[in-house]
Amino acid sequence: MSAGTITLIDYEAGNLASLEGALERLRLPYVRAASPDQAAESGPIVLPGVGHFEAAQRSLQERGWWGLLPALVAEGRPLLGICLGLQLLAEGSEEAPRTPGLGLVPGLVRRLGPGVKVPNMGWSRVRRASDHPALPDAEGAWLYFVHSYALEPSADTVYLADHGRPFAAVEARGKVMGFQPHPEKSGPDGLRLLQAALTWMGATAIAPEEPCL
Amino acid sequence: MPAKRIIPCLDVKNGRVVKGIQFKQLRDLGHPVELARRYDQEGADELVFLDIAASLENRGTREAWVRDVARELSIPFTVGGGVSSVEDARSLLRAGADKVAVNTAASLRPDLVCELADAFGRQCVVAAVDVKRDADLGWRVYLKGGTEPTERSAVDWLWELNDLGAGEILLTSMDRDGTGDGFDLPLLDLASELPIPLIASGGAGLEVHFLEALEHGADAVLAATLFHEGILPIPRLKAYLAQNDLSVRI
């Protein structure tokens, strides 16, 4: 396993097939890890996720990830949360008031609405909230969102989106980053953001195969 | 508010995309991956695949093409057809579908919708409903591809589906389906009062029909023939909608 291999946490709460397809198209090597002993020794960790906050938290706990992730981040290991994965990085969520989040990014996750349709399902444009050293300019890019809860904006918010109110679409604190949209489902703009984030976190693309001479 | 979505619908039989000609013969349009790639490039916002001959025997075939589509596609997709249990849904979601559509099975056993929402989150659960205008009920719900009438009123059933945990409604007017006469707008007016997203289906024939449906509260519009036959290319439709001040992803 080469340095720069991505560890994709497999905890039955994510659509891994699409994410794997996106990583393959980007030629970024990854391993699927149901438990921490299957993780790569270094390189970025990706926490995907769809479904319920509490169910996801429990599943991560059962598999030995929940307590480990903050420790790995403290050692400098990069971590990327996607969709529910971003929400789990926060301090907590209205979806499960008694279940604390990982607390790796500031703020709470709150239910969308009132006055708008929930789930928020579809393509929205994002706008820049602050500069980030690695992410490409995505001002006005269309990204695909599917969620009923969202992280409130903070000083660590890089891109905002709106559904009734502004919320954090891309959040970054040190080498911890989160995407509320699905970059793997968001066409070329999404792939560009995913590639930039993971490369900045240390993922290294495999060179294309040499053509036969 | 997210952009209004344009969704091509593909009927799949035994791992091939097919098109019915006058309800009898089926014409082969290609492998799901080929069409998925084409629509992705054309600017579709999402795809819906309906497995029209779903059975236990072809489950493996279905998982294989769903997996292939998931790896290829950079936009979301829904798969429906014969989904009647949490396990059916799990196999499709694990293979890479973003959402599953349920129809007949949900009507026969409404708890299925709750079970799916609990297991995967309501954003994964699309409730497909086929309706016809009816003197007694306003609109009546039909099952099994519109062949079997139920005693349900469409509007009551939509609210029940919302309460059960559906994340989105795919509403097809059987009266309008295949006519090209436009969507059933009074139906959309009622259905768009639901607090969850609404996909309108049945009746698209002209650009203006899509505009009308979206102005009558649909969050997304679905069509098949118009897109498959290239009668209305998606970029042209989106340009038209944008000119009419609707938010679309271009």
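Preceding this section is the structure that the text describes.
Rules used throughout
Residues numbered from 1 in each chain as written. Chains lettered and ligands numbered in written order. Predicted model: local features only at pLDDT ≥ 70, side-chain atom pairs only at ≥ 80, totals over all residues. Pairing = 2+ DSSP bridges. Helix = DSSP H or I, 4+ residues; strand = E, 2+ residues; numbered from the N terminus. Contact = placed C-beta atoms within 7 Å. Nonpolar A, V, L, I, M, F, W, Y, C, P; charged D, E, K, R; others polar. Buried ≥ 20, exposed ≤ 12 C-beta atoms within 10 Å, placed from the backbone.

**Student:** Which residues make up the sheet that holds strand β4 (residues 79-82) of chain A, and what are the values?
**Tutor:** All names here are of chain A. Read from one edge of the open sheet, eight strands run β2-β1-β3-β4-β13-β12-β11-β8, paired in mixed fashion. Of all the strands in the sheet, the pair left with one neighbour each is β2 (30-33) and β8 (127-128). Relative to strand β11 (residues 157-163), β8 runs antiparallel, the two sharing two bridges. Paired with R128 across the strands is Y159, a residue of β11.

**Student:** Give me the interface of chain B and chain A: which residues, what numbers.
**Tutor:** Facing 28 residues of chain B, the contacting portion of chain A comprises 28 residues. Contributing elements (two or more residues each) for the side of chain B that touches chain A: α2 (59-72) and α3 (86-95) of chain B. Examining the composition of the side of chain B that touches chain A, we find that four residues originate from one element, α2(B), more than from any other. Of the residues that constitute the side of chain B that touches chain A, the class distribution is 13 nonpolar, five polar and ten charged.

**Student:** Which residues make up the pairing of strand β13 (residues 176-179) of chain A, and what values go with them?
**Tutor:** All names here are of chain A. The alternating pattern of β13 places V176 and G178 and M177 and F179 on opposite faces, both of which are buried. With four bridges joining them, strand β12 (residues 165-173) and β13 adopt antiparallel strand pairing. From the neighbouring strand, A172 faces β13, where its bridge partner is M177. Taking the residues that link successive antiparallel strands as the turn, the β12-β13 hairpin has two residues, and the phi of G174 there is positive, at about 55°.

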